[in-house]
Amino acid sequence: MKTPFLKMHGTGNDFVVLDARTRGLSIDADTAKRLSDRHFGIGCDQLLLLEKTDKADVRMRIFNADGSEISTCGNASRCVADFIMRESGGDKASIETSAGIVTGTRDGELIKVNMGAPRFGWQQIPLSESRNTEHLGLAEGLLMDPVAVNMGNPHAVFFVRDLYHIKMAEWGPKLENNPLFPQRANISAVQVLSPDRVKMVVWERGAGLTMACGSAACAAVVAGTLREVTNRKIDVELPGGTLQVEWQQNESGDVLMSGPVAYVFEGEIDL
């Protein structure tokens, strides 16, 4: 039995979308890993499963390329928000994730999502022991002293002088699996170009080097604000494109992220 799928990406962070709202689909870690494989499957950073829910317009489950399931993904939320808005003809969409409800809106030609407020407590990241999350005291190669922040998933943000010298493919997996992170972590290297612009590379837990990571971009702006090296609203340049991120200075303290969405192709596959 063939199952329809849609291939999308947000600034190069690519997804296979399966719609289980009208048909039962059983996705386990092995199936997600096989479909995500770029040689033997469709190929993607994350597999997205859309399900019915009474809490929002749609429920989104997210599987990494290694088959592990995660709580949230910023670029996936933007892609699914655009998909739902096109389907409904509206200009707003709500998405239930394991990390909470994410809302998406149209921002000109871009899609904006509210990623919620960052969390900083060592137990909220989570870490395996009590540490100062603004100066984590962790190092690997030229990556030293990161900021830890939870944006619905755990992040360690390292500020560097020049990304050219950063061996993320070598140091990223070691840091991702450091015993300090019981749920592993997303590892980012950030070079500050100006108070209004940074560029970064990301090693995503369960996916490896990706062209972009929305929650990591949000974490970078939060970390840059805490370290007083960036403004609260900046452009974040990733290998796959640029995202606009704002950490709101209000009571909620939510982080907003805007960026482009692209539809690549659609097809059918035997699960």
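Owing to the predicted nature of the structure, the values given are computational and were not obtained by experimental measurement. (Residues numbered from 1 in each chain as written. Predicted model: local features only at pLDDT ≥ 70, side-chain atom pairs only at ≥ 80, totals over all residues. Heavy atoms only, no water.)

Participant: Which residues make up the overall build of the chain, and what values go with them?
Facilitator: Within the chain, the secondary structure is distributed over four helices and 19 strands. C-alpha extents for the chain along the principal axes are approximately 50 × 35 × 35 Å. Taking all 271 residues of the chain together, 52% fall into the buried category. Put simply, 61% of the contacts in the chain that link residues at least 6 apart link residues at least 24 apart. As displayed, the chain offers around 11800 Å² of accessible surface, 46% of which is attributable to carbon and sulfur atoms. (Helix = DSSP H or I, 4+ residues; strand = E, 2+ residues; numbered from the N terminus. Buried < 20%, exposed > 50% of the residue type's maximum accessible area, 1.4 Å probe, protein only. Contact = heavy atoms within 4.5 Å. Areas by Shrake-Rupley, 256 points an atom, 1.4 Å probe, with all protein chains shown as cover.)

Participant: So what about helix 4 (residues 214-226)? Which residues, and what values?
Facilitator: Under the 1.5 Å per step criterion, the end-to-end length of helix 4 is 19 Å for 13 residues, consistent within 8% with the ideal 18 Å. Extensive coverage of helix 4 is indicated by the burial of twelve of its 13 residues. Within helix 4 the residues assigned to the buried category are Gly214, Ser215, Ala216, Ala217, Cys218, Ala219, Ala220, Val221, Val222, Ala223, Gly224 and Thr225. Remark: Glu228 follows helix 4 within two positions and exhibits a positive phi of approximately 60°. (Expected span 1.5 Å × (residues − 1).)

Participant: Any chance you could break down the state of the cysteines for me, citing the residues and the numbers?
Facilitator: The tally for this structure, following the rule as stated, stands at zero disulfides. Here Cys73 stays unpaired: no disulfide links it, and the sulfur of Cys213, its closest cysteine neighbor, is 6.3 Å away. By relative accessible area, Cys73 is classed as buried at 4%. Left unpaired, Cys218 is separated from the closest cysteine sulfur, that of Cys213, by 8.7 Å. A relative accessible area of 0% places Cys218 in the buried class. (Disulfide = S-S within 2.5 Å.)

Participant: Any details on the environment of Leu49? Residues and values, ideally.
Facilitator: Among the secondary structure elements, Leu49 is positioned in strand 3 (residues 46-51). Judged by its relative accessible area of 0%, Leu49 falls in the buried class. Sequence spacing of Leu49 and Leu18 is 31 residues, and the spatial spacing of their C-alpha atoms is 5.0 Å. Apart from residues no more than four positions distant in its own chain, Leu49 is found in contact with Leu18, Ala20, Leu25, Ile27, Arg59, Met60, Arg61 and Phe63.

Participant: Could you give an account of unusual backbone geometry, with specific residues and numbers?
Facilitator: As a rule of thumb, non-glycine residues mostly have phi less than zero, and peptide bonds are mostly trans rather than cis. Residue Pro126 is bonded to the preceding Ile125 through a cis peptide linkage, with omega at -5°. Of note, Pro126 is situated in the loop between strand 8 (110-114) and strand 9 (139-140). For Thr11, which is not glycine, the phi dihedral falls at a positive 50°. Mapped onto the elements, Thr11 comes out in the loop between strand 1 (2-10) and strand 2 (13-19). Residue Arg184 is not a glycine yet carries a positive backbone phi of 60°.

Participant: I'd like a description of the packing of aromatic side chains, backed by residues and values.
Facilitator: With the rule as written, the count across this model stands at two aromatic pairs. Between Phe5 and Phe265, the aromatic rings sit 5.9 Å apart at their centres with planes inclined by 85°, giving edge-to-face as the arrangement. You can see Phe5 sitting in strand 1 and its partner Phe265 sitting in strand 19 (residues 262-270), a full 260 residues away along the chain. Here Phe5 falls in the buried class, since its relative accessible area comes to 9%. Phe265 sits in the partly exposed class, given a relative accessible area of 38%. (Phe/Tyr/Trp six-rings, centres within 6.5 Å; stacked < 30°, edge-to-face > 60°.)

Participant: Go over the pattern of salt bridges, please, and point to the residues and values.
Facilitator: Under the definition given, this model contains 17 salt bridges. Put simply, Asp82 and Arg106 hold a salt bridge, and the shortest N to O gap is 2.8 Å. With a gap of 24 residues between them, Asp82 in helix 2 (residues 74-88) and Arg106 in strand 7 (residues 100-107) connect regions that are remote in the sequence. What makes Asp82 buried here is its relative accessible area of 3%. For the salt bridge of Arg227 with Asp145, the shortest nitrogen-to-oxygen distance reads 3.7 Å. Pair noted here: Arg227 is in the loop between helix 4 and strand 16 (233-238) and Asp145 is in the loop between strand 10 (143-144) and strand 11 (147-150), with a separation of 82 residues, a long-range link. What makes Arg227 partly exposed here is its relative accessible area of 23%. Residue class for Asp145 comes out partly exposed when judged on its relative accessible area of 29%. A cluster of three or more residues bridged by salt bridges with shared partners is formed by Lys7, Asp14, Arg38 and Asp45. (Salt bridge = Lys/Arg side-chain N within 4 Å of Asp/Glu carboxyl O.)

Participant: Give a description of helix 1 (residues 29-36) that names residues and reports values.
Facilitator: Here helix 1 has its buried residues at Thr31, Ala32, Leu35 and Ser36. Taken end-on, helix 1 shows its buried residues confined to a sector of 125°, consistent with a single buried face. Tucked into the core, helix 1 has its buried residues touching strand 2, strand 3, strand 4 (58-64) and strand 19. (Arc of directions from axis to C-beta.)

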